[in-house]
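A closer look at the structure
Residue strings, one per chain:
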Amino acid sequence: MLARFVSATSWSVFGSVLANGISLVTTILVARLLGKESFGHYIALQTTVVTAAAFSWFGVGYTATRYSAELQRRDPARLGRILGLSQLIVGVVGVAATLSVIVASGWIARSAFHAPEIAPALAIAAAAILFSSLDGLQKNILIGLSEMRAFAWSSIAGVALSAPLMVGLSYFHGLWGASFAIAAGALANCLVSWIWARSRLKKIGVRATLRGATQENHTLLNFALPSLLSGVMPAAGQWTVQ
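Bear in mind that the values here come from a model prediction, so they are computed numbers and not experimental data.

As enumerated under the stated definition, the model contains four salt bridges in all. Note that Arg-74 and Glu-70 form a salt bridge whose closest N and O atoms lie 3.0 Å from each other. Owing to a relative accessible area of 59%, Arg-74 belongs among the exposed residues under this scheme. Taking relative accessible area as the criterion, Glu-70 reaches 30% and is therefore assigned partly exposed. Here the residues in one salt-bridge network are Arg-66, Glu-70 and Arg-74, joined through shared partners.

It is worth spelling out a nonpolar patch on the surface at this point. A contiguous nonpolar patch, built from Leu-88, Val-92, Val-93 and Leu-210 and spanning about 320 Å² of accessible area, is present on the exposed surface. For Val-93, the location among the structural elements is in helix H3 (residues 76-103).

Applying the stated rule across the entire model yields five aromatic pairs. Aromatic pair Phe-14 and Trp-153: ring centres 5.6 Å apart, planes at 70°, arrangement edge-to-face. Placement of Phe-14 in helix H1 (residues 2-34) and of Trp-153 in helix H7 (residues 148-203) is noted, with a sequence separation of 139 residues between them. Judged by centre distance (4.9 Å) and plane angle (85°), the rings of Tyr-171 and Phe-172 are edge-to-face. Assessed through its relative accessible area of 56%, Tyr-171 is described here as exposed.

This paragraph deals with the confidence of the model for the protein chain. Of the residues in the protein chain, 88% have a pLDDT of 70 or more, and the chain-wide mean is 87. Looking at the elements of the protein chain, mean pLDDT is at its lowest for helix H8 (residues 217-241), recorded as 60, and at its highest for helix H5 (residues 119-125), recorded as 95.

Another aspect to go through is unusual backbone geometry. A positive phi angle, close to 55°, is found at His-114, a residue other than glycine. As for its position among the elements, His-114 is in the loop between helix H4 (105-112) and H5. The phi angle at Ser-146 is positive, at roughly 60°, despite the residue not being glycine. As for its placement among the helices and strands, Ser-146 is situated in the loop between helix H6 (127-144) and H7. The exposure class of Ser-146 is partly exposed, given its relative accessible area of 42%.

Each value, and the rule that gives it
- Here the residue index of a chain counts from 1 through its sequence in written order.
- Given that this is a predicted model, residues contribute local features only at a pLDDT of at least 70 and side-chain atom pairs are listed and counted only at 80 or more, while totals for whole chains, interfaces and linings are drawn from all residues.
- Side-chain metrics rest on all non-hydrogen atoms present in the structure, leaving aside hydrogens and water.
- Salt-bridge detection follows one rule: a side-chain nitrogen of Lys or Arg within 4 Å of a carboxyl oxygen of Asp or Glu.
- Each residue is assigned to one of three classes by its accessible area relative to the maximum for its type, calculated with a 1.4 Å probe on protein chains only: buried under 20%, partly exposed between the two thresholds, exposed over 50%.
- A patch consists of residues exposed above 30% relative accessible area that lack any salt bridge, with like charges linked at up to 9 Å and nonpolar side chains (Val, Leu, Ile, Met, Phe, Trp, Tyr) linked at up to 5 Å.
- Only the protein chains shown count as cover for residues, and all accessible areas are computed by the Shrake-Rupley method using a 1.4 Å probe.
- By the criteria applied, helices consist of DSSP H or I runs no shorter than four residues and strands consist of E runs no shorter than two, each listed in order from the N terminus.
- Paired rings are identified among Phe, Tyr and Trp, the last through its six-membered ring, by centres lying within 6.5 Å, and are further divided according to the angle between planes into stacked (under 30 degrees), edge-to-face (over 60) and tilted (the rest).
- Known as pLDDT, the predictor's per-residue confidence is scaled from 0 to 100.

Have a look at this one:
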């Protein structure tokens, strides 16, 4: 038990330090490439995406973590139903949040950031909301399965793939390129975490399914809603400050 705890903690720290280190270097490079004003707009785009994604996956992600840990051996069939319903909810809410930000991009840019010129860039970056939501869910599944090694490598690989996109597109196309890179980077992270989560679930014989999933509605409602509220409030506060 102690050995597993130490191993999980080590992988978690390793993945976090390396992924955050790559992100930090990337952010510094983007700041130098974009300049003060455009970098401020870039941060506004990124914060908006993160906040909107929080509404899509926070509560459901924590639910997936809990029941992945609890049911992976005891009741794989029920876990498959919970994960299938979780993916459906995050996908639907993620699409709705993405479309909402795209439609409201002009108002957000004008009223929240007093920069109407960034509305098109915000609409492009909004595609990242869906991908970030799914990525968050999949990483929470890995945590629940105690697959911290897979979690660490998926985080590192996702950031490593998105970093060159962010720097290159910012260099050649400025804020427009950076907004596209936000969306493309989120897609890269989502694909990597999906591959890892799918392989680990297959390994233990769990398949996410919607067959019979409606009987788990109460599970997500009772656990996900309080988690959603506790996670969204800090994210909303951060967006307001930005």
